[in-house]
There are 4 protein chains.
Amino acid sequence: MGLRERHGEHTPGRPARGRPRSEAAERAIIEGVLHLLEDGVSISELTVERVARTAGVGKATIYRRWGGKDELLVDVLAELEGTFTVEATGESVRGDLIAYLEAVREMGGTKGSSALWRTVIMQGRDNPKLAELYHHSVVERRRDLMRTVLRRGIERGELRADLDVELTVDMLVGPMLVRTILHEWRPTPDDLSARLVDALLEGARSRT
Amino acid sequence: MGLRERHGEHTPGRPARGRPRSEAAERAIIEGVLHLLEDGVSISELTVERVARTAGVGKATIYRRWGGKDELLVDVLAELEGTFTVEATGESVRGDLIAYLEAVREMGGTKGSSALWRTVIMQGRDNPKLAELYHHSVVERRRDLMRTVLRRGIERGELRADLDVELTVDMLVGPMLVRTILHEWRPTPDDLSARLVDALLEGARSRT
Amino acid sequence: MGLRERHGEHTPGRPARGRPRSEAAERAIIEGVLHLLEDGVSISELTVERVARTAGVGKATIYRRWGGKDELLVDVLAELEGTFTVEATGESVRGDLIAYLEAVREMGGTKGSSALWRTVIMQGRDNPKLAELYHHSVVERRRDLMRTVLRRGIERGELRADLDVELTVDMLVGPMLVRTILHEWRPTPDDLSARLVDALLEGARSRT
Amino acid sequence: MGLRERHGEHTPGRPARGRPRSEAAERAIIEGVLHLLEDGVSISELTVERVARTAGVGKATIYRRWGGKDELLVDVLAELEGTFTVEATGESVRGDLIAYLEAVREMGGTKGSSALWRTVIMQGRDNPKLAELYHHSVVERRRDLMRTVLRRGIERGELRADLDVELTVDMLVGPMLVRTILHEWRPTPDDLSARLVDALLEGARSRT
DNA sequence: CACTAACCGAGACGGTACGTCGAGTCTTAAC
DNA sequence: GTTAAGACTCGACGTACCGTCTCGGTTAGTG
């Protein structure tokens, strides 16, 4: 995943010494967190102590792999991210963008996912390295998908040549985040993605 | 403000007895938090214990007014919100929207402000009542300003008659939030507001 | 007792501020330790965590008063020491010495007492200040009683004029310690004190 | 030595198979402990983990030989005990006893020796088997030397015929222990042994 | 000479206790 | 009845060792 295996792992240069780290323990920890989140345990209730108890693991085994709760949660989020897939047909820019936003919407709906998003956003100030790491390996990967779609649209002539790609990505991602994370309680109608893409494509100005 | 003065205050019906609450203490607490935030103290370092020490106040004095750190922070955010003003001339929808977004951008740049935003966002799951309270008295007030502008634009014929107002608000607010809170580190060029409004008005579709 | 009230207690100079320390908590802690010792809990099983649980007290409340388990145990020992009394009639040196040794023997037989003795002896190297404090306020007090008895014996002519008082104290205390602490399992016959005193008085040399 | 080679050693009945235990490792461990003790490391700081690190040995290598820290320390003490020798000429009871006590005094002065004594004393309650083992193989051996000297004195008529040998041993050993272990800080004058023996022989009673 | 069982250092494992910190509540004297 | 101060119980923090287990890699004998 590129996020895990960062903390105190042995350097691949020298030969592996001592008992290797248990993959079973690692899985038990991450799945323990997911299980707790699915049970509606909030982030502040998600103590390292409790995760260890749930996973049937010593606290030290957690701290051996991650520097603390935050780093662990980033990896759990990465685990969820692994399930993120987009079915972009490439037939039209409109279709691809809608497919992408639908995928984002589904992710946001996943149990615990938005709570985790919140946490990583929260940690941005406290732990800049963590935030940067997360953004480079998760956020940027997603944004790149959109950039590719948009650039192809410009090349094909479907989108205006002077389009500000970065700004457009923000205009697609931003509203989706507002709905799924900030105003989680607000309903997200099924055709939200389509309406958002259309609004972006057609513009708000009256054309009489 | 509507947010403060909620917790454990004596009912105005019966006569006030004993020593009245010190307004000086209240100011000292809120300004203590602001001072700490300006000094780069992160939210997790912002303990009630530390706030009390900084403000030269007993912990009980804080708990007498607010239910906990979260409620206190909402009031501090409301304090900041009080400085939020928009100079909307009413001359054109474009100008008003740009003026509004510029005001949002300035708020986001305020020291500690985005950290507080993060916190309230974070608390959404843990403390739904708090989130709701915050949204109704701060967020909705802001959104109402935009709705008014947009509806006036529709009436004037500047905006298309079938415009989805709520969605459009999200498309203006969302990207701004992404910049000022999520990707705080990304540069926010001076003309960002104008470019965002224009992109929204004109649409992305190529018009040959 | 002179041993307690050492750790982090407020200086009597300035006025007492804040909630005073709970004497009930203090009693609960010390009596909790005594209760555990009586239940046959060994010193290494006597964790701070367990004492806190038994006494129904937070760990911090213990650490607020004592620097750690060792200091606490010295105070518990002092508590036991408070029950140490000798019924010396002053009629004869022999009688007084026997009475004293009997008192020592009873103390050693007290549940938990010898375990505590062991601990303090043990800590001698690790924590010299603690050991010194203990010796000055407990051990020396006891030895002084014996010195007085012995000096009175010399004045009366019951004991030889050139008697080495310190050495004689050691010769009385040492064997008793060997029996009650070191070789706890060895039987201590009822007339042990008398035989010890007589052996000391009469000497081992054959007198034909 | 009689103490070592107890733990998990292969039964001599069946043929020895596999790699034999490294004597070098064993020496490294014991000398590691002695080295640490000489460096002023206290018993509570003397963790198995640290001993293993110091000796350049895996923890399992220690646990393969001894059941834990306590058993290891008994063996280290036995190592020291090996240096205990008495030069008893047999010419007079007085001379032999003094020679013996001098040997004890020298042992007590050895670096780390008294700390180890303390430890074994300490463990008496927690680990009775250990204490018994230690007493039978170290303490009793020493005491037997004294019993022999005393009985010879009685036979020769140097000592009174009704002498309580056990009690007399205690009266010789006890004061020496008090000085070298309990009151380690008290000076032990060169002629202490002689004065102690003389006091025991002559008695305290005034003989006018 | 190959086999193989038990050793070796290293270090991860599930635990327990450590001593500290903060949460939110309670109890003083002072005003 | 408030105030600042500082106690209280509770529970999580992150660390250190415990005694055990598991690696890859020796190091004898035996077959």
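Conventions used here
- Residues numbered from 1 in each chain as written.
- Chains lettered and ligands numbered in written order.
- Predicted model: local features only at pLDDT ≥ 70, side-chain atom pairs only at ≥ 80, totals over all residues.
- Heavy atoms only, no water.
- Helix = DSSP H or I, 4+ residues; strand = E, 2+ residues; numbered from the N terminus.
- Buried < 20%, exposed > 50% of the residue type's maximum accessible area, 1.4 Å probe, protein only.
- Contact = heavy atoms within 4.5 Å.
- Areas by Shrake-Rupley, 256 points an atom, 1.4 Å probe, with all protein chains shown as cover.
- Near = heavy atom within 4 Å.
- Polar contact = N/O pair within 3.5 Å; in protein donor to acceptor, adjacent residues only side chain to side chain.
- Axes fitted to C-alpha atoms, helices over the stretch in contact; angles between N-to-C directions.
- Left-handed = near helix turned anticlockwise from the far one by under 90°.
- Salt bridge = Lys/Arg side-chain N within 4 Å of Asp/Glu carboxyl O.
- Nonpolar A, V, L, I, M, F, W, Y, C, P; charged D, E, K, R; others polar.
- Buried area = accessible area lost by both parts, 1.4 Å probe.
- Least-squares fit on C-alpha atoms with pLDDT ≥ 70 in both.
- pLDDT = per-residue confidence, 0-100.
- UniProt positions renumbered as here; feature names shortened; annotations may be inferred.

Enquirer: Pulling in residues and values, what's your account of the overall build of chain A?
Expert: A count of helical and extended segments in chain A gives 9 helices and 0 strands. Each helix and strand of chain A, placed in order from N terminus to C terminus, yields the pattern α-α-α-α-α-α-α-α-α. In chain A, buried positions account for 50% of the 208 residues. Sequence-distant contacts in chain A: of pairs separated by 6 or more residues, those separated by 24 or more amount to 66%. As displayed, chain A offers around 10300 Å² of accessible surface, 50% of which is attributable to carbon and sulfur atoms.

Enquirer: Just give me the short version of the protein's contact with DNA strand E, but keep the residues and values in it.
Expert: Neighbouring DNA strand E are 38 residues, the closest being R64(A), Y63(B), Y63(C), T61(D) and R64(D). For DNA strand E, the backbone makes up 69% of the atoms found within 4 Å of the protein, where backbone means sugar plus phosphate. Between DNA strand E and the protein, one listed contact pairs a base oxygen with a side-chain N or O atom of K59(B) at 2.9 Å. Those elements that place two or more of their residues in the surface near DNA strand E are helix 3 (59-65) of chain A, helix 2 (48-55) and helix 3 (59-65) of chain B, helix 2 (48-55) and helix 3 (59-65) of chain C together with helix 3 (59-65) of chain D.

Enquirer: Explain the packing of helix 8 (residues 165-182) of chain A against helix 9 (residues 192-202) of chain A to me, using residue names and the numbers behind them.
Expert: Residue and element names in this part refer to chain A. Remark: helix 8 packs on helix 9, axes separated minimally by 11 Å, with the N-to-C direction vectors making an angle of 145°. Crossing hand, helix 8 versus helix 9: right-handed. Here T168, M171, L172, P175, M176 and R179 of helix 8 lie close against helix 9, whose contacting residues are L192, S193, L196, V197 and L200.

Enquirer: How would you explain the pattern of salt bridges if you had to name every residue and give the values?
Expert: For the structure on display, the rule yields 68 salt bridges over all chains. A salt bridge links E26(C) to R65(C); the nearest nitrogen and oxygen atoms lie 2.7 Å apart. Remark: R65(C) occurs in helix 3 and E26(C) occurs in helix 1 (residues 23-38); sequence separation between them is 39 residues. R65(C) shares its class with E26(C); the two are buried. What emerges from the salt-bridge pattern is a single network uniting E140(A), R143(A), D144(A), R147(A), E166(A), D170(A) and R179(B).

Enquirer: Can you tell me about the protein's contact with DNA strand F, naming the residues and giving the values?
Expert: Every one of the 38 residues lining DNA strand F counts as a neighbour, but Y63(A), T61(B), R64(B), R64(C) and Y63(D) are closest to it. The sugar and phosphate moieties of DNA strand F supply 67% of its atoms located within 4 Å of the protein. Within the contact set of DNA strand F, a phosphate oxygen lies 3.4 Å away from a backbone nitrogen or oxygen of G56(C). At the level of elements, helix 2 (48-55) and helix 3 of chain A, helix 3 of chain B, helix 3 of chain C together with helix 2 (48-55) and helix 3 of chain D are the ones that each hand at least two residues to the surface near DNA strand F. Within the surface near DNA strand F, the residues separate by chemical class into 9 nonpolar, 13 polar and 16 charged.

Enquirer: How would you sum up the interface of chain C and chain D? Please name residues and give values.
Expert: Listed as interface residues are 49 residues of chain C and, on the opposing side, 49 residues of chain D. Here chain C and chain D share an interface that buries about 4600 Å² over both sides, 57% of which is from carbon and sulfur atoms. Inspection of the chain C/chain D interface yields 6 salt bridges. Where E202(D) meets R205(C), a salt bridge forms, and the shortest distance between an N and an O atom there is 2.8 Å. The interface formed by chain C and chain D holds 20 residue pairs in polar contact (both at pLDDT 80 or more) in total.

Enquirer: Break down the interface of chain A and chain B for me, with residues and values.
Expert: Taken together, the contact pairs 49 residues of chain A with 49 residues of chain B. For the pairing of chain A and chain B, the buried interface totals around 4600 Å² over both sides, and the portion due to carbon and sulfur atoms is 57%. Counting across the interface, chain A meets chain B through 6 salt bridges. Inspection of the region where chain A meets chain B yields 20 residue pairs in polar contact (both at pLDDT 80 or more). Contributions of two or more residues to the side of chain A that touches chain B are made by helix 6 (113-126), helix 7 (128-156), helix 8 and helix 9 of chain A. Considering every element that reaches the side of chain A that touches chain B, the biggest residue donor is helix 8 of chain A, with 11 residues. A class-by-class count of the residues in the side of chain A that touches chain B yields 21 nonpolar, 12 polar and 16 charged.

Enquirer: Pulling in residues and values, what's your account of the relation of the copies chain C and chain D?
Expert: Superposition of the two copies of the chain requires a rotation about an axis together with a shift along that axis. Rotating chain C by 179° about the axis while translating it 0.0 Å along that axis superimposes it on chain D, leaving an RMSD of 0.3 Å. A rotation of that kind, with that shift, is consistent with a two-fold axis. When C-alpha distances to the rotation axis are compared across chain C, the minimum falls at G203(C), with a value of 1.7 Å.

Enquirer: Describe the confidence of the model for chain A, naming the residues involved and giving the relevant values.
Expert: On average, residues of chain A score 85 in pLDDT, and 90% of them reach the 70 mark or higher. For chain A, helix 6 of chain A is the element with the lowest average pLDDT, namely 71, and helix 2 of chain A is the one with the highest, namely 98.

Enquirer: Which residues make up the UniProt feature "DNA-binding region" (unreviewed entry) in chain A, and what values do they have?
Expert: Sequence positions flagged by UniProt for "DNA-binding region" (unreviewed entry) are, in local numbering, residues 47-66 of chain A. Secondary structure over residues 47-66 of chain A splits into 75% helix and 0% strand, and the C-alpha atoms at its two ends are 14 Å apart.

Enquirer: Hey, could you go over the relation of the copies chain A and chain B for me, with residue numbers and the actual values?
Expert: Rotating chain A by 179° about the axis while translating it 0.1 Å along that axis superimposes it on chain B, leaving an RMSD of 0.2 Å. Counting the interface residues of chain A, we find that 100% of their copies in chain B are interface residues as well, pointing to one common contact surface.

Enquirer: Kindly report on the environment of L36(D), identifying the contributing residues and their values.
Expert: Residues and elements named next belong to chain D. Note on placement: L36 falls in helix 1 (residues 23-38). Residue classification places L36 among the buried residues on the basis of a relative accessible area of 7%. Measuring from C-alpha to C-alpha, the distance between L36 and V51 comes to 8.1 Å, with 15 residues separating the pair along the chain. Setting aside chain neighbours within four positions, we find L36 in contact with V41, L46, R50, V51 and T54.

Enquirer: Tell me about the environment of T89(B), and please be specific about residues and values.
Expert: All names here are of chain B. Within the secondary structure, T89 sits in the loop between helix 4 (69-81) and helix 5 (93-109). The exposed category is assigned to T89, whose relative accessible area is 59%. Only 3.2 Å separates the side chain of T89 from the backbone nitrogen of E91, close enough to count as a polar contact.

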